[in-house]
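# Inside the fold
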Amino acid sequence: MIPSKSFSSFLAPLALATLSLSVSALSHPRAASSTAALKLAIRINSYGIKNIAAADRARIQALQTGGSSSVNANNTAMIYTADIGVGSPETYYTLLVDTGSSLTWIGADKAYKQTNTSHDTRNQFYIAYAGGNSVDGEEYTDTITLNSDLVIVNQSIGVASQSAASNLRGLDGMLGLGPVGLTQGIVSNTDEVATVMDNLYAQKTISSEVLGVFFAPASSDNNGGELTFGGYDASKITGDISYVSLTSTSPANSYWGINQSISYGDTTILTRTAGIVDTGTTLILIATDAFDKYKSATGATLDESTELLKISSDQYDQLSSLYFTTGGVAYELTPNGQIWPRSLNSAIGGTANGIYLIVADKGSDSGSGLDFTNGYCFLERFYSVYDTTNSRVGFATTEYTYATTN
């Protein structure tokens, strides 16, 4: 039996306001496919956070050392959630959506309600987080309902012990959408645990093990997003999906890792290297040497209260676009896409009229095998596709790619 540990220091009580071409250079035109969608809600930490940059940095450092990548909700400004049914009849749980972890677990707020589809495997699960915190409990298999078209039987789920997870208010656990390899060693007497995506595909609910992710910027009128299982939603994109193969470089290859370079205007600040695409990270993190080049080029100063780069209105007017080049395609992040939504400055402890950049220091120089993270602030401007079947990630422009809502 794995001992229970306190979860309160990791997920403290929250008051949440709901608010590429492939390597072979082939473009894939939009096409209809048999898919099913799940709506997402965005939650904004209305009381501010201790330090969003430090929280993101701790997450990535944990990834590099083989630790858990799960979201620290206490220090996350934006969280995307989905309501998932468990059992028959279903009890619905509000789960964080995370492509950087793979075990789906519940019990952080609402107690698990067993039905005739519930089966206790007698196995234990244990997840260690950055900072020495953890969550643990019992593994069950049960029926999972994402929507009426997406029902999974005998899905493995973790049911967290009350002592480990009773302090998270309003959120019930995690919906793990990362690669299956991230489940290794998490459940006792088990090598790997089939993920939600694995079982949707194995049970022939979807024809391809593909996940499409759409996030609308928190500053837009459409405060939410959508997961599309089995493909992508062509109505959410304004161009073709372009794909890049997953990287072979460790440790990025354990996650949704790709090779990418980054330029500020015409100046390369990060040469082609490995990193990850991650819905559990808020900012865009880049290696320290690249961050220093970006800071110098923008003229920004480091704000002590937020640990984000801060610029003046005049400097904002002079900002160049950032270009993320992967698989032969350059994705332009406009000046407006590089700043934190000013209407949400209070959520990061910033001043009302401050202009804060969403590119932050990863905390180590390039060459680590995980030199960047494209987090929410990138993914809210580009549709993303996670294709397990073909071992690749795809991106496309959306109506928000060139928005000026921040």
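Bear in mind the structure is a predicted one, so any value in this text is a computation, not a measurement.

Take the nonpolar core next. Core analysis: the biggest nonpolar cluster contains 88 residues, and L227, F229 and I286 have the highest contact counts within it. Residues in contact with I286, not counting those within four places in the same chain, are I262, I269, F291, Y294, V359, A360, D361, K362, D371 and F372. Among the nonpolar cores identified, the runner-up in size contains 14 residues, and I79, A108, V135 and I186 belong to it.

The buried fraction of strand β10 (residues 210-215) amounts to six of the six residues, a majority that puts the element mostly inside the structure. Where β10 and strand β23 (residues 382-387) come together, four bridges link them in antiparallel fashion. If you follow G212 over to β23, its bridge partner there is V385. In this structure, β10 lies alongside strand β11 (residues 224-229), joined through five bridges in antiparallel fashion. By the bridge assignment for β11, F214 is matched with E226.

Our focus in this paragraph is unusual backbone geometry. Most peptide bonds take the trans form, and the phi angle of most residues other than glycine is negative. Cis geometry marks the peptide bond from S88 to P89, where omega comes out at 5°. Among the structural elements, P89 can be located in the loop between β3 (78-86) and β4 (91-98). The linkage connecting S250 with the following residue, P251, adopts the cis geometry, with an omega of 5°. Note on placement: P251 falls in the loop between β12 (242-245) and β13 (257-264). Positive phi values are uncommon outside glycine, yet N154 reaches one of about 55°.

Under the definition given, this model contains six salt bridges. Of the charged contacts in the structure, one is a salt bridge between E226 and K236, with a shortest N-O distance of 3.6 Å. Of the two residues, E226 sits in strand β11 while K236 sits in the loop between β11 and β12, which places them ten residues apart along the sequence. Assigned by exposure class, E226 and K236 land together as buried. Where R392 meets D387, a salt bridge forms, and the shortest distance between an N and an O atom there is 2.7 Å. With respect to burial, R392 and D387 carry one shared label: buried. Via salt bridges that share partners, K39, E226, D233 and K236 belong to a single interconnected network.

Let's shift gears to the side chain of N123. Looking at the secondary structure, you find N123 in strand β6 (residues 119-128). Among the polar contacts listed, one links the side chain of N123 to the side chain of N189, at a separation of 3.0 Å. With residues near it in sequence (within four places) discarded, N123 still touches G137, E138, E139, V187, S188, N189 and T190.

The next point concerns the sheet that holds strand β22 (residues 372-374). As a general point, the strands of a sheet are linked pairwise by backbone hydrogen bonds and lie either parallel or antiparallel. Judged by pairing direction, the sheet is mixed, and its seven strands sit side by side in the order β19-β18-β13-β14-β22-β15-β21 without closing on themselves. Across the chains shown, the open sheet's two edge strands, defined by having one partner strand only, are β19 (329-333) and β21 (359-361). Averaged over neighbouring strand pairs, the angle between their axes works out to 35° when direction is ignored. Two strands pair when backbone bridges link them, and strand β14 (residues 267-277) and β22 are joined in this way by two bridges, in the parallel orientation. What sits directly across from V277, in β22, is N374. The sheet strands contacting helix α1 (residues 52-64) are β14, β15 (284-286), β21 and β22, and the helix crosses β15 at an angle near 60°.

The strand order β16-β17-β20 describes an open sheet built from three strands, whose pairing is antiparallel. Of all the strands in the sheet, the pair left with one neighbour each is β16 (301-302) and β20 (355-356). Relative to strand β17 (residues 309-311), β16 runs antiparallel, the two sharing two bridges. Following the sheet pairing, T301 is matched in β17 by K310.

Rules and cut-offs
- Residues numbered from 1 in each chain as written.
- Predicted model: local features only at pLDDT ≥ 70, side-chain atom pairs only at ≥ 80, totals over all residues.
- Heavy atoms only, no water.
- Core = buried A, V, L, I, M, F, W, Y, C linked by side-chain atoms within 4.5 Å.
- Buried < 20%, exposed > 50% of the residue type's maximum accessible area, 1.4 Å probe, protein only.
- Contact = heavy atoms within 4.5 Å.
- Helix = DSSP H or I, 4+ residues; strand = E, 2+ residues; numbered from the N terminus.
- Pairing = 2+ DSSP bridges.
- Salt bridge = Lys/Arg side-chain N within 4 Å of Asp/Glu carboxyl O.
- Polar contact = N/O pair within 3.5 Å; in protein donor to acceptor, adjacent residues only side chain to side chain.
- Axes fitted to C-alpha atoms, helices over the stretch in contact; angles between N-to-C directions.

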